[in-house]
Amino acid sequence: MHIFRVLGPLHVVDARITASRQQIVLAVLLLEANHVVPVGRLVDAVWEDAPPATAKSQIQICISTIRRALSHAGLGDRIDTSPAGYQIRVADGELDLRTFNDLVSEGRTAVREHRLEAAASAFRRALALHPGSPLVGLDSRVVRAAAARLAERRLTAAEEYLEVELRLGRHRELIDELMALVTEHPLRERLWHQLMTALYRSGRQAEALAAYQSARQASVDDLGLEPSEPLRSLERAILTGNAEPALMAELEPDPPDSEESLIPVPRMTPAAVPDFTGHRDLVDELCGFLRGRTKRPDSDSVPVAAITGRGGIGKTTLAVHLAHQLAVDFPDGQLFVHMGGHANGDKLAHILDRFLRALGISGSAVPDGLEARAATFRSRVAGARVLVVLDDAVDEREVRTLLPGSPSCGVIVTSRQRLAGIPGCRLVEVGVLDQRNAVELLARMVGEERVGTEPSEALQLVQLCGRLPLAMRIAAARLIARPHWKISQLTSRLADESRRLDELAHGGLDVRTSITFSYEALDDGAQRLLRRLGLLDAQDFQSWAAAPLLDADMTTATDTLDTLVDARLVDVVGGSGAATRYRLHDLVRVYARERLNADESAGERHGGMTRFLGAWLFLMECVHRTLYGGDYTVIHGAAPRWELPEYLVQELLQDPLMWFENERAAAVAAVGLASRAGVPDYCWDLAITMVALFESRSYLDDWRSTHELALLTAQQAGDSRGEAVMLYSLGALNIVEQRFSEASSRLMLALTMFEQIGEPLGRSLALRHLAFLDRVHGDLDTAWCRYEDALSVLQPLGDPAAEAHILTGMASIKLEQGDRDRAAEMLEQALHTATAANSARVHAMVLHRLGELHLEDGDLAQAEEELTKALKLVREGRDRPGEAHVLHGLGMLRLRQGLHQHAAGTLNHGYTVARRNGDRLATARFCLALARLHRAQRQYPSAMEWAAQAITLFDELQASSGRLVAHELLEQIRQEAT
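The text that follows walks through the structure, step by step, so that each part is easy to find. Everything numeric here is computed off the predicted structure, so don't read it as measured data.

Here is what the cut-offs are and how they apply
- Residues numbered from 1 in each chain as written.
- Predicted model: local features only at pLDDT ≥ 70, side-chain atom pairs only at ≥ 80, totals over all residues.
- Heavy atoms only, no water.
- Helix = DSSP H or I, 4+ residues; strand = E, 2+ residues; numbered from the N terminus.
- Rg over C-alpha atoms; globule rule 2.2 N^0.38 Å.
- Buried < 20%, exposed > 50% of the residue type's maximum accessible area, 1.4 Å probe, protein only.
- Contact = heavy atoms within 4.5 Å.
- Areas by Shrake-Rupley, 256 points an atom, 1.4 Å probe, with all protein chains shown as cover.
- Core = buried A, V, L, I, M, F, W, Y, C linked by side-chain atoms within 4.5 Å.
- Pairing = 2+ DSSP bridges.
- Salt bridge = Lys/Arg side-chain N within 4 Å of Asp/Glu carboxyl O.

1. Considerations on the overall build of the chain
So, step 1. Per the secondary structure count, the chain includes 47 helices and 15 strands.
So, step 2. In terms of overall size, the chain is more extended than a compact globule, its C-alpha atoms giving a radius of gyration of 38 Å where 978 residues would be expected to give roughly 30 Å.
So, step 3. When the backbone C-alpha atoms are referred to their principal axes, the chain occupies close to 115 × 75 × 65 Å.
So, step 4. Taken over 978 residues, the chain has a buried fraction of 54%.
So, step 5. Look at the contacts in the chain between residues 6 or more apart in sequence, and 68% of them connect residues 24 or more apart.
So, step 6. Summed over all atoms, the accessible surface of the chain reaches about 41,000 Å², with 50% contributed by carbon and sulfur.

Here is the structure:
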């Protein structure tokens, strides 16, 4: 009697395990008995998509509870713990699933040896162990999926058993059982075939034909497909009375000299890889497809699974694993050939010669010529269940030559190319392993204990190998050959990119050779593009990058890039059209840089890189113009631009801010590339052109990192203009961060440098920011003088965006001084200038100030109109800092209108936005506003807290005018409260 049973309800003899969570854990352990189950898999089984933070601890509790239950049942300590997970030990005869598998294997062996009675007995005993639904009642997606696989395995075994019984001539006894099975599984054509055979042999021809019609109806209704060729052929044979003799024969149990026993069954597939890991869903999908269980619109053609992917990704390993999984489904043999990446006519003829000989045709009977051999091959396997594996094919032509003609066969093809032009083809792409499966594969190769001792180093190793199976196998082979090495010793070697491909070579395996094979098959243009793509540091890139790197038009560049995609050297990772994103695998990038340094001169490398950076500058300027209406508030350098075609720019920049959002990391990486290449004019120009975008989206870390790098690059190159521009922009960043002391120092230094080199625009922009700092510190007279000085230079230079900024600042001074008329005049002038600049951001800023002016005047209707317009503009432009300022104005408007609840919602939302933006000055203003709101509601304790918080923030910012207002408000609240 079995101690453990999973083929029906979960049961352990004499053990009481009733809690659902414990039953799920035990079921998963038993399904993988005598193998370590990772804790993560147990967590997934119990909680699926939302495990709690204590999941691992709760799994430990479950394991402890199960251990006690097993011990109390007299079964001893069956569960082992290791760093990788848990394992339950079962002996032969203790688990019904193991016995079932052993009996099925015994039955299949007996079939191959023509011991049909023994086979029937083994299958019969196996099926008796499977009384109903496996693991019924356990509410776990992982367990349900495993139970479905067990049910499928039982059904397959039942089909094999019935086939044996039919061969033994027991067709009459099988009819009732077959009728029940086809009712339960109406899409299983093998069962219908067996039922029709049994009925026909029993002299029930009409019922056999009726069974065919039922099978056809089920297939058409559920799948929209006609039955497969074997089933249709059987119907035709019954209709015409020309049924093959085997259909009517009462077969002997073990025919000693039957024709079948003389035909060899080829088993050419290499041994399965014992540590195959990952791709479970893909394996299930392709097995179902090749078994004929997946809907196919072209069911009359042979099913072809085409596995594509880069070299070293594990295509052959996957194909071999699939072939072994499908061995039972293709009992007439498996043919395998490694095509070596290329097969001419002579080689194809040689492959067919091997196949024909393996299928039992003597050498003298093999015809001459490729076409004759292909025809003979198709005839030989017609109607048979033969699996053909074509490893490392190049194109559809050579694959089509080796295809069987019968849909009863199956074909697996691996290739670095996308072989989409094959009839009946299911094209699948194999990517690198995910992190969990990559570490699991490493553990299977080098040992769980070794990986468990250095888990972080193991994770680093698989990342350095790019999670590429070939690279990981080489790394594992080196560790196995050196048991005294720590994993960290190998990771330190691989960390040096210049040596990485040298380190990834061992025992005939070599990543560099694998990539070279694909590289050398490319034409000159594709090789050149791959080399130059090695220049890029970003994780991915858009198609436009290929044009400047090649110095070619977009059509040529895109075609060349597609060649690299077809060769599996570049991956498509998302998007479409001009926005399609591409990526180089890490190891391919290392290889590309090796070839770039070896095959191209310094001048060629420099040319490709500066054209690429010039294209970046061109695109970033286009985005800036869209946001500001022109090349305003930016000081550009003389670095040459590389212009992209207008149609492409329009397609890319349909939504400029979204484009920048997607390209931000790549743009920042381009600044780093320019710095390392020692081209400061590209470096600082690209950095300053992105400032408006960094500011509008509050990407302050990117602003700082690009500018500090560009500043250092300009200083090292002696580029005074670039140094001054970066100091000025970093000062502007310090203002946004409210680090006013640092801002003042940098802006004063930039102002001095601009004056020394004779840069009037830079001088005016620096004065504009210094004037703002004067306003914050309460020095309104100095601020006014600086604004006037800057404006006198900017107006002749024709920078309306900067002019509008200055006019708005001057209007704010007049408002603080109580000169409302002069403020209104200046804001109207600023609005006119902002309209001319066609800048939505500047327009919104001026409208916001106008709204505040009308609010001061008590014209609430006009204030609401201006502020509402401003809010619409900042939200359309996704300008989060601008949104905070406008919300402050709207909140104060609602307070003046007496709409306290509405004001509270607006001010609290604005306060949150300002805090998220890191804008302490805006946050302080919201604290003041909320203090006024709570005062108006006579909530004096809350009002005092908000006022005190405002004072603290203004103190930190050394904003004297704001601090004075906050102190006065706090004193007023205290007096009212008493």
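2. Things to note about the nonpolar core
So, step 1. Core analysis: the largest hydrophobic core is formed by 229 residues, its most contacted members being L533, W544 and W616.
So, step 2. For this core, the element with the most residues is helix α29 (residues 602-628), which contributes 12 residues.
So, step 3. If we ignore the near neighbours within four places in the chain, the residues touching W544 are M554, F612, A615, W616, L619, L644, L648 and L652.
So, step 4. Ranked by size, the runner-up nonpolar core spans 80 residues in total, among them I3, L30, W47 and I79.

3. Re the pairing of strand β8 (residues 387-393)
So, step 1. For β8, the tally of buried residues reaches 7 of 7 residues, placing the bulk of the element in the interior.
So, step 2. With 5 bridges joining them, strand β7 (residues 334-338) and β8 adopt parallel strand pairing. For V337, the partnering residue across the bridge sits in β8 and is L390.
So, step 3. Note: β8 against strand β9 (residues 410-415), 5 bridges, orientation parallel.

4. Details of the environment of Q527
So, step 1. Within the secondary structure, Q527 is located in helix α25 (residues 524-533).
So, step 2. With a relative accessible area of 15%, Q527 lands in the buried category.
So, step 3. The spacing of Q527 and R595 is 68 residues in sequence and 9.1 Å in space, taken between C-alpha atoms.

5. Observations concerning the pattern of salt bridges
So, step 1. The tally for this structure, following the rule as stated, stands at 52 salt bridges.
So, step 2. Ionic pairing is found between R426 and E285, a salt bridge with its closest N-O pair at 3.1 Å. With R426 in strand β10 (residues 425-429) and E285 in helix α13 (residues 280-290), the pair connects residues that are 141 residues apart, well separated along the chain.
So, step 3. E883 serves as the salt-bridge partner of R880, at 2.9 Å between the closest nitrogen and oxygen. With R880 and E883 both in helix α43 (residues 880-896), this residue pair falls 3 residues apart, about one helical turn.
So, step 4. Using a relative accessible area of 28% as the deciding quantity, one classes R880 as partly exposed.

Nothing here speaks to function; it is geometry throughout.
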